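Examining the three-dimensional arrangement
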Amino acid sequence: MITRTVSKNPRTTRGDLVNDLQRAGTKVTKATISNTLRRQRLKSCSAGRVPLLKPVHVQARLKFAREHLDDPEEDWENVIWSDETKIELFGKNSTRRVWRRKNAELHPKITIPTVKHGGGNIMLWGCFSAKGPGRLIRVKERMNGAMYREILSDNLLPSARTLKMKRGWVFQHDNDPKHTARATKEWLRKKHFKVLEWPSQSPDLNPIENLWRELKVRVAQRQPQNITALEEICMEEWAKIPATERWNFPNCVGAIDGKHVVIQAPANSGSLYFNYKSTHSLVLLAVVDAQYLFRIVDVGGFGRSSDSGSLRNSTFGESLRDGSLQLPPDTVIPGAERLGLLPHVFVGDEAFPLLDNLLRPFPGRQITRKRRIFNYRLSRARLVVECAFGILSSRWRMFRRAITTSPEVTELCVKAACVLHNFLRRKTMGRKSRTPVEESTDEAPDTPTL
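Position numbers for residues start from 1 in each chain and track the written sequence from start to end. Local features are withheld for residues below a pLDDT of 70 in this predicted model, meaning they are given only at 70 or higher, and side-chain atom pairs are given and counted only at 80 or more; totals for whole chains, interfaces and linings count all residues. Processing note: side-chain calculations cover all non-hydrogen atoms of the structure and skip hydrogens and water entirely.

As for the overall build of the chain
What counts, and what does not: Labels follow the DSSP assignment, with helices taken as runs of H or I lasting at least four residues and strands as runs of E lasting at least two, numbered in each case from the N terminus. In this scheme, a residue with accessible area under 20% of its type's maximum is buried, one over 50% is exposed, and one in between is partly exposed, where area comes from a 1.4 Å probe on protein chains only. Two residues qualify as a contact provided that any one of their heavy atoms is within 4.5 Å of a heavy atom in the partner residue. Per-residue accessibility takes into account occlusion by the displayed protein chains alone, with areas from the Shrake-Rupley method and a 1.4 Å probe.
Each helix and strand in the chain was counted, giving 15 helices and ten strands. Within the chain, the proportion of its 450 residues that are buried is 38%. Restricting the contact set of the chain to residue pairs at least 6 apart, pairs at least 24 apart contribute 67%. Carbon and sulfur atoms provide 51% of the accessible area of the chain, an area that totals close to 28,300 Å².

Observations regarding the environment of Ser-129
By secondary structure assignment, the location of Ser-129 is in strand β2 (residues 121–129). Placed 51 residues apart in sequence, Ser-129 and Asn-78 show a C-alpha to C-alpha distance of 7.2 Å. If we skip the residues at most four places from it in the chain, Ser-129 touches Val-79, Ile-80, Trp-81, Leu-163 and Met-165.

A word on the confidence of the model for the chain
To keep things clear, this is the line we draw: The predictor's confidence in any single residue is recorded as pLDDT, a number from 0 to 100.
On average, the chain scores 83 in pLDDT, and the residues at 70 or more come to 88%. Contacts from residues 430–450, a stretch scored under 50 in pLDDT, to residues over four places away or in other chains number 39 contacts.

With respect to the pattern of salt bridges
We apply this condition: Basic side-chain nitrogens of Lys or Arg form a salt bridge, by our definition, when they fall within 4 Å of a carboxyl oxygen of Asp or Glu.
Inspection of every chain in the model, using the stated rule, returns 13 salt bridges. For the salt bridge of Arg-138 with Glu-231, the shortest nitrogen-to-oxygen distance reads 3.0 Å. With Arg-138 in strand β3 (residues 132–139) and Glu-231 in helix α10 (residues 227–240), the pair connects residues that are 93 residues apart, well separated along the chain. Under the relative-accessibility criterion, Arg-138 is labelled partly exposed at 26%. Linked by salt bridges that have partners in common, Glu-214, Arg-218, Arg-222, Glu-236 and Glu-237 make up one network.

Considerations on the nonpolar core
Going by this rule: We define a nonpolar core as any set of buried Ala, Val, Leu, Ile, Met, Phe, Trp, Tyr and Cys residues linked to one another through side-chain atoms lying within 4.5 Å.
Core analysis: the largest hydrophobic core is formed by 29 residues, its most contacted members being Phe-249, Leu-284, Phe-294, Val-347, Leu-392 and Val-414. For this core, the secondary-structure elements that each account for two or more residues are β6 (252–262), β7 (281–288), β8 (294–302), β9 (345–347), α13 (369–395) and α14 (407–427). With nine residues, the top contributor of residues to this core is α13. The residues contacting Leu-392, other than those within four sequence positions of it, are Leu-284, Phe-294, Phe-399, Ala-417, Cys-418 and His-421. Counting 22 residues, the second largest nonpolar core, distinct from the first, contains Ile-122, Leu-211, Leu-215 and Trp-238.

Topic: the environment of Asn-251
Relative to the assigned elements, Asn-251 resides in the loop between α10 and β6. For Asn-251, a relative accessible area of 7% translates into the label buried. Taking the C-alpha atoms as reference points, Asn-251 and Val-345, separated by 94 residues in sequence, lie 6.2 Å from one another.

Structure, rendered in structure tokens:
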């Protein structure tokens, strides 16, 4: 009876079931009901919220799904998704779990302050594609059709250029009256923008909703105290959201590796600078991002030191171990919600230690398929640091031969080369790249090799 009642009406509570059974002459407890339902693989969950759909909306959504059922993945990667959202200063942007004792639920340390109407809010417009987030702007006035067209004029094309969208990219927005106004449609037609037909009452189909959720969680963790701080934090956290599709390695903030800069052996240095390649060198330890930019460099390690030793002796290594790097907050990876919050990490090769925020490949050859795929993904993400070292060496030819200056001067020259490398990379970032990371496929081969 218990399972049958719950199957007919999933909103039935345990109290309702207890009362029904008592009227039938059976006395049971709520714990018994819970155990019975668990044995039937039923558990109590929060009801999901979905748009209220009329039959016409259901038919429109079904038609949209059928029309795009066989669209290749490349077509969806060429779509820029857009939407507006409201973020409240003290609103319910995220939940927060705390540890507390019995009868301590109102202690100030374990409560979240709230005010009427959320304490103020800001309206944001943003866009993104499979290649990462586009522009995010604050809408300071009540939006109308003219303001919406101005927002698109100032931000849509720059976002497409930044995201390096392919020719014939498609723009998506919902059926808000400002979006479907005759003047807006005419403006989009004159600009030759291809617009994705969108079914009404379908915000749950737009993947940007996941991005808004991520942004609101990050903002809530920063706890802004006023509207100005709220806007600044929104912009900062939006800029920190990584374009994980570039590496296909979520929550990865950079790749780390070491490079031996060959030098002439200093006088009376013994074996300090002598490395495993039978040359004398300084170690350049670097963290590189998805754009092949050097984010962290540590120069001056002795050539005889391993990559692990150079990391251990560096300021970056100390901050990585004691957790003072101020990395982005832990987040839930889409598709892996069951794992909970996961930290942001750096990736390195087998020479580096395994830490909370530093991942390395699984050792050995006889490993499971899942671990083999993980190693492939990690190696693919780590390839950017190898590419960055290659670009550095090809551009600055002092790295191709032994540097004959003192170690102190060599250290300054290497740091200057890294700064100039970043400057030139930013100047040429919009040009077509021949680096293997941007042109590699997303699927792991049976035997992952790079």
